[in-house]
Amino acid sequence: MARLIVIKKFLGKLLKGYILIIIGLIKYLPFRIFMKIRNNCYKIVLRKMGRNVNICDAVTIIDPSKVSIGDRVSIHEYTYIAGGGEITIGNYVAIANNCTIVSESHNFFERNIPIKDQGVTAQPVSIGNDVWIGSKVTILGNVKIGNGAIIGAGSVVNRDIPAYAIAVGAPCKVIKYR
């Protein structure tokens, strides 16, 4: 019985490995048919993926087993999502092209050890429901974006954004509420 469980786990990991290879091969193919194939592959490797999700071509998701995506989410071209510290994206979220979401940060406390050798710290990111993230936005770790928020193009989000806020800039600041 224990041997059967080990075999099932091995086959599951092997299947996920093949799926990641398929995603890599069709990542840059822009046609709708490839989007459907890509989305079906992501359903297998993501922690959670809701209904009617569109992940466009040239999107990169690192460590997809730590990324959860809600219903009716669109992630547009050339977006980079690094899920090492867990990323949760709510329902009805629009993520424009060329965005970056990073959920971990390099450690740099020891001066006598190169930063590259000090490892990383997981920093979760949470994006609420009905959020619009403009083009070329960077979202750093340990950030929560509230429901209904709008993040203006080119912003760098390094702190929490409250619900229904419209925030812009580098660093991102709330300019008004909707």
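The structure contained in this document is the topic of the report that follows.

The rules behind each value
- Chains are numbered independently. Their residues run from 1 in the order of the written sequence.
- Two thresholds apply to this predicted model, a pLDDT of at least 70 for residue-level local features and 80 or more for giving and counting side-chain atom pairs, whereas whole-chain, interface and lining totals are computed over all residues.
- For the side-chain quantities, the full set of heavy atoms in the structure was used; hydrogens and water were omitted.
- In this analysis, strands are considered paired if DSSP registers two or more bridges between them.
- Segments assigned H or I by DSSP are reported as helices when at least four residues long, segments assigned E as strands when at least two residues long, and all are numbered from the N terminus.
- Think of a patch as exposed residues, more than 30% relative accessible area, with no salt bridge, where like charges cluster within 9 Å and nonpolar side chains (Val, Leu, Ile, Met, Phe, Trp, Tyr) cluster within 5 Å.
- Only the protein chains shown count as cover for residues, with accessible areas throughout obtained via the Shrake-Rupley method and a probe of 1.4 Å.
- The salt bridge definition used is simple: a Lys or Arg side-chain nitrogen within 4 Å of an Asp or Glu carboxyl oxygen.

### Describing the sheet that holds strand β18 (residues 165-168)
And step 1. The strand order β2-β5-β8-β13-β16-β18-β19 describes an open sheet built from 7 strands, whose pairing is mixed. Looking along the sheet, the strands with just one partner apiece sit at the ends: β2 (54-55) and β19 (173-177).
And step 2. Both strand β8 (residues 94-95) and strand β13 (residues 132-133) contribute to a ladder of 2 bridges, which runs parallel. Directly across from Ile95, in β13, lies its bridge partner Ile133.

### A few points about a nonpolar patch on the surface
And step 1. The grouping of Ile22, Ile33 and Ile37 at the surface amounts to a nonpolar patch, some 240 Å² of accessible area in total.
And step 2. Position of Ile33 among the secondary structure elements: in helix α2 (residues 32-45).

### Looking at the sheet that holds strand β3 (residues 60-62)
And step 1. With parallel pairing, 5 strands are arranged side by side in an open sheet as β3-β6-β9-β14-β17. Of all the strands in the sheet, just β3 and β17 (156-157) have a single pairing partner and so form its edges.
And step 2. One ladder, built from 2 bridges, connects strand β9 (residues 100-102) with strand β14 (residues 138-139); its direction is parallel. Note that in β14 the partner of Ile101 across the bridge is Ile139.

### Observations concerning the pattern of salt bridges
And step 1. One pass over the full model with this rule turns up 4 salt bridges.
And step 2. Residues Asp71 and Arg51 are paired through a salt bridge, measuring 3.8 Å at the closest nitrogen-oxygen approach. Residue Asp71 is located in the loop between β4 (67-69) and β5 (74-75), and its partner Arg51 is located in the loop between β1 (48-49) and β2; the two are separated by 20 residues in the primary sequence.

These figures capture arrangement, not role.
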